[in-house]
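# Overview (structure and organization)
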Amino acid sequence: MPKHETPLLDQLESGPWPSFVSEIKRQSEFRHKNAEAMEKAGKPYQIPVDVCDDLLGVLEMSYNDGTTHWKHGGIVGVFGYGGGVIGRYCDQPEKFPGVAHFHTIRVNQPAGKYYTTEYLRKLCDLWDFRGSGLTNMHGSTGDIVFLGTRTEQLEEIFGTLTHEFEQDLGGSGSNLRTPACCLGESRCEWACYDTQELCYQLTMEYQDELHRPAFPYKFKFKFDGCPMGCVASIARSDMSFIGTWRDDIKIDQEAVAAYIGGELKPNAGAHEDDTPFDIQKEVIDLCPSQCMSLEDGKLVINNKECVRCMHCIRVMPRALRIGDDRGLSIFCGAKAPILDGAQMGSLLVPFIKAEPPYDEIKEIIENIWDWWMEEGKNRERLGELMKRQGLQKLLEVTGIKPVPQHVQEPRHNPYIFWKEEEVPGGWQRDINEYRKLHPR
Amino acid sequence: MPKHETPLLDQLESGPWPSFVSEIKRQSEFRHKNAEAMEKAGKPYQIPVDVCDDLLGVLEMSYNDGTTHWKHGGIVGVFGYGGGVIGRYCDQPEKFPGVAHFHTIRVNQPAGKYYTTEYLRKLCDLWDFRGSGLTNMHGSTGDIVFLGTRTEQLEEIFGTLTHEFEQDLGGSGSNLRTPACCLGESRCEWACYDTQELCYQLTMEYQDELHRPAFPYKFKFKFDGCPMGCVASIARSDMSFIGTWRDDIKIDQEAVAAYIGGELKPNAGAHEDDTPFDIQKEVIDLCPSQCMSLEDGKLVINNKECVRCMHCIRVMPRALRIGDDRGLSIFCGAKAPILDGAQMGSLLVPFIKAEPPYDEIKEIIENIWDWWMEEGKNRERLGELMKRQGLQKLLEVTGIKPVPQHVQEPRHNPYIFWKEEEVPGGWQRDINEYRKLHPR
Amino acid sequence: MTFVPSGYYNPDKPMEGRITDIGPRHYAEFLPPIIKKNKGKWLWHEIIEPGILMHKAESGDEVYTVRCGSPRLLSTETIKEICEIADEYCGGYVRFTTRNNVEFMVDSLDKARKLKEDLNSRKHPGGSYKFPVGGTGAGITNIVHTQGWVHCHTPATDASGTVKVVMDELFEDFQKMRLPAQLRISMACCLNMCGAVHCSDIAILGYHRKPPIIDHEWLDNLCEIPLAVAACPTGAIRPTKTKITTESGEEKEVKTVAIKQERCMFCGNCYTMCPCLPLADKEGDGIVIMAGGKLSNCITPPKFSKVIVAFIPNETPRWPQLAQTMRKLVDTYAKHARKYERFGDWAERIGWERFFELCELEFSHHLIDDFRDPAYYTWRHTTQFKF
Amino acid sequence: MTFVPSGYYNPDKPMEGRITDIGPRHYAEFLPPIIKKNKGKWLWHEIIEPGILMHKAESGDEVYTVRCGSPRLLSTETIKEICEIADEYCGGYVRFTTRNNVEFMVDSLDKARKLKEDLNSRKHPGGSYKFPVGGTGAGITNIVHTQGWVHCHTPATDASGTVKVVMDELFEDFQKMRLPAQLRISMACCLNMCGAVHCSDIAILGYHRKPPIIDHEWLDNLCEIPLAVAACPTGAIRPTKTKITTESGEEKEVKTVAIKQERCMFCGNCYTMCPCLPLADKEGDGIVIMAGGKLSNCITPPKFSKVIVAFIPNETPRWPQLAQTMRKLVDTYAKHARKYERFGDWAERIGWERFFELCELEFSHHLIDDFRDPAYYTWRHTTQFKF
Ligand code: SRM
Ligand code: SRM
Ligand code: SRM
Ligand code: SRM
Ligand code: SF4
Ligand code: SF4
Ligand code: SF4
Ligand code: SF4
Ligand code: SF4
Ligand code: SF4
Ligand code: SF4
Ligand code: SF4
């Protein structure tokens, strides 16, 4: 007999897609079964055994009345850190005491999200013991999300993580948020730099910024190994690092012929259809810069005009490979729509090498932070500051020369803000001098 | 011996392009020569004989000191009208008394700018007599512009125009401005409605608005017979009327064949080059909606998908003709960049028939004016009001149903302003009711 | 519940023995040996069949990745089951994707196929798959989503539930690769959009439609009035005073705020700042569907999603209208778009007017942008449109 | 000068016999018979050679139009000469185009060719053509322009002069049709842009670069301070008081305005409202070049011109830098663009980064949009760019 009837939620157990309701129920069952064993092992559940039941209960209530039953968080966290924990309380604590407190802990995931089972099991054991046993693998920012514990457990969890697992928390609040990357070189032939390493190094370099709020608002780094954008950095990070190359796409003409001949499947087999491959229609005509052609059965790319969209490469991965002069582009200011409308990242650095110790990259980051911390208003994201003060200002504070690459198109309003020092004779003029030539 | 030395301006007499300096000198010479005859004929020049000399003088001064020597206009005009005259005074009246006053008169051009020489000569005679003899044929809005006369001549000129020439002034100030059109059906096979007639009829209908400022700011009508936009209405008029059709493009397959065969010159011979015509490359591939194809040597157009860009028609004018179900689209809000940035017209009416007495069109205009006069701020163009209150509002006041044609793309911010009546249960809620389900 | 201290924290001396700022574990500790060995030296890849990727390294090594779905909300029990599988097949390594799928890596196709079978055979008692294999190539992968009613205080709908019903509806396309291109769906339960909803092929977004209720009695106690006022992007909120009768019947004047309701766009930003301004409402809240966004730079640049359905009510537990609309969108796209053409690229090629027609969606004033200056750029400024 | 009354106006009884609101003459009075007859019944047209158009009517009639340039600023003497020509060749009819060219219509090619010869033979004493034939097809037609120093109070450069030097430089292309497509140049002498400068293939724009000088002594007398303050789109102006010494040596405090100079974008809107805020300055003023706009909906929708050269000084009388830049732009376009490709379509196809390279133009911070919210949409939001 479940603690609460959940007729609505139960309907979400059917259907093929893995049911989150079944997940919660699974954990509930396990906890009830396991409680005794835990007790015996000297590790009694540190939060109510029926936490999962009460979660189902409060959720069923939401499914009935169409509204959430979670309240604002208030300030909970671990000593000395200003982030890593999202406080959460239920507005029906009497009915659902198991989730009266239901705080989230953000655990900084390893770059690329590879795990050993040994390590994962440790996390599970800790979270069973001191939390709800429910997680998100992973949160949208990238963290391992421990979903639901009580205030008094926070320090204990943190202590265990740091002492036993050599593992720190992720970010929340007006901090640097947990950086995240695509899997990059670890398993992708298109990675133009080592996303995991850069992600790790910057995470380590900026631990202080990650844990102690000193910013006007949140700040996110994300690392995509190439323009495909598998970690969505261009839309979701105040600074987005996207791999690219400057030299020529490498062509294996034999493989090209094999694609044309139908021996190799286009797009690495990503399409089920078996219409024969038409290189003209499927590749050349779709090239956004129209810089490809077939000459005597050989594929020719005018690399100077290529915009590195990678379409040709992804369609013929065995024939075409990214260039060798690799690095990354940096985009700034991406964010979700609140408050001023969504932004994509705007190009700041067209090309920079991405090699340890990444000093040049760090300098850019720090120049940007200096500016933002100086000029940013409370709850103003970098992108909003850029909008308010102009891309020019961002270039200025980072000492980067404006180039046409910075814009999709030049301004169409002619409202140029000249600076006084740019105008011969300056701005201070004498009305009487003027009136000599131009009487009233 | 010229009255003023003009060494700089003189340099603008050389070179092939018709010299405006030569024009002014020509008139100057003529005036000096003709003065006596005028005197004798009892029509002594009503403004200084050396008006043109002084104009050259003041202009030479500007060429030297790099600034204008014209001052603000002040309020001059003819009795009962609030427009039609632009006042202008020289800031060096002692040096250049001939142009101390140098007001402009805007004369409402005939639609399409055709003239009889008889009529033009009358205008010339009047303007010689009572003005500088210098004109702009035509002003940017479309008027015949009489350039430079003195205040006391204004009523005389107006009187002569109306009594002898049956001709009224054009607009200026916060009025309806002189409407203008492309030549349309008069000499163009692509005209989808009679631009001249609509232009004329609306000019007549709104004489009061044209002459007496009752608007927040200026308001312009322009009439293009088709999407080519030969009078630039989509960029320069608060309401832009652009001809279009709804049915199929008419195809003469024999003429198509003649183009393909090289018997007919593409684009009506507008290109000097004599590279042979390639219908695929020059027409089909350039069709923005990709709705054309050649099938067995016959040109096929999927008219449902055609966006009436007219490219195919202009390349093969003898083979393709506009459809027969003709009318116009109305765009609103175009304007130059001051103050809020330039605007193109925004589509309000995708299709409307354009047949006398144009009642439906007039109703739309008047609904728009009512709204703008009610809500528009001082010096706020229609486009700016549209930006401020939203395209929705324009649709609402004109009673036009929103359709996807109204947008290039749907909104990408989800900030929908719902109205209270659209939301079941309305907006007035009781906090105590809410708190029953959601205790603090 | 007896409190069991970890032994690492002494509230009186919180700094004692404290370890901080150590960051995450270094990723290299977790890389499977074959990955570590070939890192940065991959040559090409192939999708052998739905859910199975093969990556070929310069060394000649091949790694086969079997990808399977996950509800993201995972119990530790399930994670432990994942670990068992990884131990059995993958030498004790596993990874998660950026879209919350699980990836098992093995070194031969044989093993991969066996693993796939095994994964597909595991089901929850309720009947759903635990680890359905798929999510690769030109199909639908996992829906990136957020907390909803499971954990957050501002949602206008549930996240996990809407994702479940939509993935149930579209499940076949998770295990197939029949679409013109990849189709990425995202879900966010409020305008904060904790995900890439603003740039997804199709996005499900929770939206409020009623302005905040003002809890006058408590507001000045629980909130900073200036912060609440400043939070409103449309300037709808101003400080004011009002007379109230408290719950205890007392009459008094309190400092509070007033809201110009017709200026409210229901963003909930004030509620984030002040719990005395709740928005949530059974009838008011529901779902907006956006579409046509993308993130990759492949062929076309990234672009924002556009609002295509202004409102779908919260029909718990299975949101039938939502599911049907998604089905219609996906099928129409599958039928009409060209190979390699992303959802938004298709809509732009045919024109949004044709898109609404083909998808049989109603167009209404809600879909016309009226948010600030840039709205103008979305209106139609050309005679180029279709009837 | 003896004042000669027209007889229609009595200042004491201004309404007496007054005729108002009669509008323009009806156009039909002015249509040449062949035009009137075939109005609305044209079949097709042909550009026989530069400057000569032929329109064919359903009736079989053909009308040949000879188009010639004009400086727009025309003396009545020249208009009378036009009338003579029209009488001689065209039965007393003539028209002007929307770009200030003159069109003579005749009914045979023969007459048209003779007329062309005649027109091309007429020159001013200074050497320039009076009526150069051209301006049709894929070439450069007349430059739409404004008043400049000839008549206006706000210009930052001259209109007629800049047009003259540019048309001199590009004259060949007025009489040829060698370009990829039509190339429309416009000119406006200040930001008010009395023309379609904001949507032209190439545009010449007068621009100030110094904030207004404040004529404190007179300001409160000659201007409405609130109007001046309200006029400023950037909010740079505020009312203030200041102590001045008048020309006559008197010390006094006056009401006036203060301007935050670094906020000024030199639009001159305040000067339009208030003559005590002049901007014009020999070194400050000059020219901005914009490019890539268009008006027609042919192939691509209309689009705005973009700023490509931030500043060219007013080098009177022949603006050599301006002329050279225009030459470079036209030649580069002629060389690189594809047939039918308008200037802006070309720049967009190759990318603006390549455009600046090919045209050998410097890129500077001035060309990056920083005006309000929409500026953001012009920045680069994709990895798709060229090095
Ligand atoms: C947990 C998570 C959603 C999830 O289910 O995965 C989340 C949850 C919340 N987000 Fe978020 N955000 C999460 C990723 C994001 C992302 C995606 C990303 O980081 O890539 C975004 C969009 C990208 C961006 O930053 O713009 C995002 C944009 C926001 C915003 C809007 C910020 C903006 O400037 O537009 C808010 C509002 C705020 O900060 O007040 C917000 C606020 C919140 C809060 C803290 C609610 C609040 O108003 O205080 C949510 C707490 C929910 C809860 O109770 O657990 N969250 N949030 C994600 C973090 C997990 C992790 O650490 O891995
Ligand atoms: C595993 C993962 C990276 C990771 O670090 O976890 C990944 C891995 C690969 N991506 Fe991706 N992408 C992953 C998220 C993404 C995302 C991000 C997202 O969806 O939030 C994007 C951007 C989506 C967008 O544009 O909206 C993304 C856009 C691409 C594209 C561009 C596709 C396009 O048509 O625009 C390719 C190329 C392709 O698929 O042809 C690609 C190609 C690939 C390749 C083929 C790269 C390679 O050579 O190995 C990988 C296998 C593809 C596959 O699944 O069919 N990947 N990929 C992510 C898997 C997510 C999942 O579980 O489904
Ligand atoms: C004469 C003419 C230029 C020309 O040489 O052809 C002209 C001349 C002036 N325009 Fe204009 N405008 C003229 C057509 C235009 C056009 C083009 C059009 O109408 O197609 C525009 C752009 C379209 C538009 O309306 O947006 C135009 C946009 C302006 C503006 C900016 C209005 C705006 O909302 O952006 C101003 C400023 C103002 O109104 O204060 C302006 C103001 C002026 C003033 C009255 C100067 C002022 O600030 O008071 C100029 C008087 C010059 C003079 O001394 O003669 N003029 N003005 C044109 C009228 C002649 C005619 O009636 O045919
Ligand atoms: C006479 C005039 C109308 C008038 O009422 O006065 C006119 C007349 C014709 N236009 Fe035009 N256009 C005239 C101004 C315009 C304008 C307005 C402007 O430039 O300010 C435009 C829009 C320009 C723009 O897009 O920026 C214009 C865009 C066109 C186009 C589109 C060209 C394109 O490539 O986008 C065509 C079609 C073509 O030329 O192939 C066209 C075609 C034509 C045709 C062929 C129409 C016809 O069948 O008779 C006429 C002769 C073309 C020629 O000159 O080669 N007309 N035409 C105008 C002549 C101006 C001049 O003296 O040069
Ligand atoms: S972003 Fe590029 S490098 Fe990274 S996983 Fe995707 S395709 Fe590979
Ligand atoms: S990467 Fe893209 S732009 Fe470059 S050649 Fe290939 S398809 Fe063309
Ligand atoms: S706008 Fe159309 S109808 Fe009018 S002249 Fe130009 S091509 Fe002809
Ligand atoms: S008018 Fe334009 S869109 Fe229509 S068929 Fe012709 S080229 Fe295509
Ligand atoms: S999208 Fe909104 S409701 Fe959902 S988790 Fe994020 S902040 Fe909470
Ligand atoms: S919900 Fe948003 S728009 Fe409405 S009052 Fe609150 S902050 Fe303002
Ligand atoms: S553009 Fe400016 S300076 Fe030139 S005529 Fe118009 S208002 Fe006067
Ligand atoms: S010139 Fe324009 S921006 Fe400068 S102060 Fe005057 S109105 Fe303001």
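Here, residues in each chain are numbered from 1, in the same order as that chain's written sequence. As they are written, the chains are lettered A onward and the ligands numbered 1 onward, keeping that order. The predicted origin of the model limits local features to residues at a pLDDT of at least 70 and limits the giving and counting of side-chain atom pairs to 80 or more, whereas totals for whole chains, interfaces and linings rest on all residues. Side-chain measures here rest on the full set of heavy atoms in the structure, leaving out hydrogens and waters.

Chain C appears in an unreviewed UniProt entry as Dissimilatory sulfite reductase beta subunit from Desulfonauticus submarinus.

In the annotation of an unreviewed UniProt entry, chain A is listed under the name Dissimilatory sulfite reductase alpha subunit and assigned to Desulfonauticus submarinus.

### Re the site of ligand 4
Close contacts around ligand 4 come from 33 residues, with Cys230 of chain B together with His55, Arg67, Thr97 and Ser296 of chain D the closest. Only a single heavy atom is needed: when it lies within 4 Å of a molecule or strand, its residue is near that molecule or strand. Lying at an intersection of chains, ligand 4 is approached by residues of chains B and D. Between ligand 4 and the protein, one listed contact pairs an oxygen atom with a side-chain N or O atom of Asn267 of chain B at 3.2 Å. Polar contacts, as counted here, are pairs of nitrogen or oxygen atoms within 3.5 Å of one another; within protein the pair requires one atom able to donate a hydrogen and one able to accept it, and residues that are adjacent in sequence qualify only if both atoms are side-chain atoms. Between ligand 4 and Arg67 of chain D there is a distance of 2.3 Å, counted from an oxygen atom to a side-chain nitrogen or oxygen. Of all the secondary-structure elements, those providing two or more residues to the shell around ligand 4 are β1 (42–49) and β2 (52–57) of chain D. Across the shell around ligand 4, the residue classes break down as 10 nonpolar, 13 polar and 10 charged. A run of H or I in DSSP counts as a helix once it spans at least four residues, and a run of E counts as a strand once it spans at least two, with each numbered from the N terminus. In this count, Pro and Cys sit with the nonpolar residues alongside Ala, Val, Leu, Ile, Met, Phe, Trp and Tyr, while Asp, Glu, Lys and Arg are called charged and the others, Gly among them, polar.

### Focus on the site of ligand 11
Surveying the vicinity of ligand 11 reveals the residues Thr146, Gln147, Cys152, Thr154, Pro155, Cys189, Cys190, Asn192, Met193 and Cys194 of chain D. Looking at the shell around ligand 11 residue by residue, the classes come out as six nonpolar, four polar and no charged.

### Quick look at the coordination of the iron atom of ligand 2
Within the protein, just one atom coordinates the iron atom of ligand 2: Cys230 of chain A (SG), at a distance of 2.3 Å. In this structure, Cys230 of chain A sits in the loop between β9 (221–224) and α8 (233–236). For Na, K and Ca the donor cutoff is 3.2 Å, while for all other metals N, O and S atoms count as donors only within 2.8 Å; water does not appear among the atoms, so some sites may look incomplete.

### Focus on the interface of chain D and chain C
We call two residues in contact whenever any of their non-hydrogen atoms come within 4.5 Å of each other. Facing 16 residues of chain D, the contacting portion of chain C comprises 16 residues. In this assembly, chain D packs against chain C so that about 1100 Å² is buried in total across both faces, 52% of it on carbon and sulfur atoms. Counting the surface chain D buries against chain C, the share from its top three residues, Asn297, Pro374 and Gln384 of chain D, is 37%. Here, a salt bridge means any side-chain nitrogen of Lys or Arg that lies within 4 Å of a carboxyl oxygen of Asp or Glu. Inspection of the chain D/chain C interface yields zero salt bridges. One can count eight residue pairs in polar contact (both at pLDDT 80 or more) joining chain D with chain C. Buried area adds together the accessible area that both of two parts lose upon being put together, with accessible area traced by a 1.4 Å probe.

### A look at the domain arrangement of chain A
Residues and elements named next belong to chain A. Domain annotation of chain A identifies domain 1 (7–165), domain 2 (176–245 + 327–406) and domain 3 (250–321). One C-alpha centre belongs to domain 2, the other to domain 3; they are set 32 Å apart. Opposite the seven residues of domain 2 that make contact, domain 3 presents six residues. A buried area of about 700 Å², summed over both sides, lies between domain 2 and domain 3, and 74% of it is on carbon and sulfur atoms. Annotation comment: domain bounds sourced from an automatic or database domain assignment.

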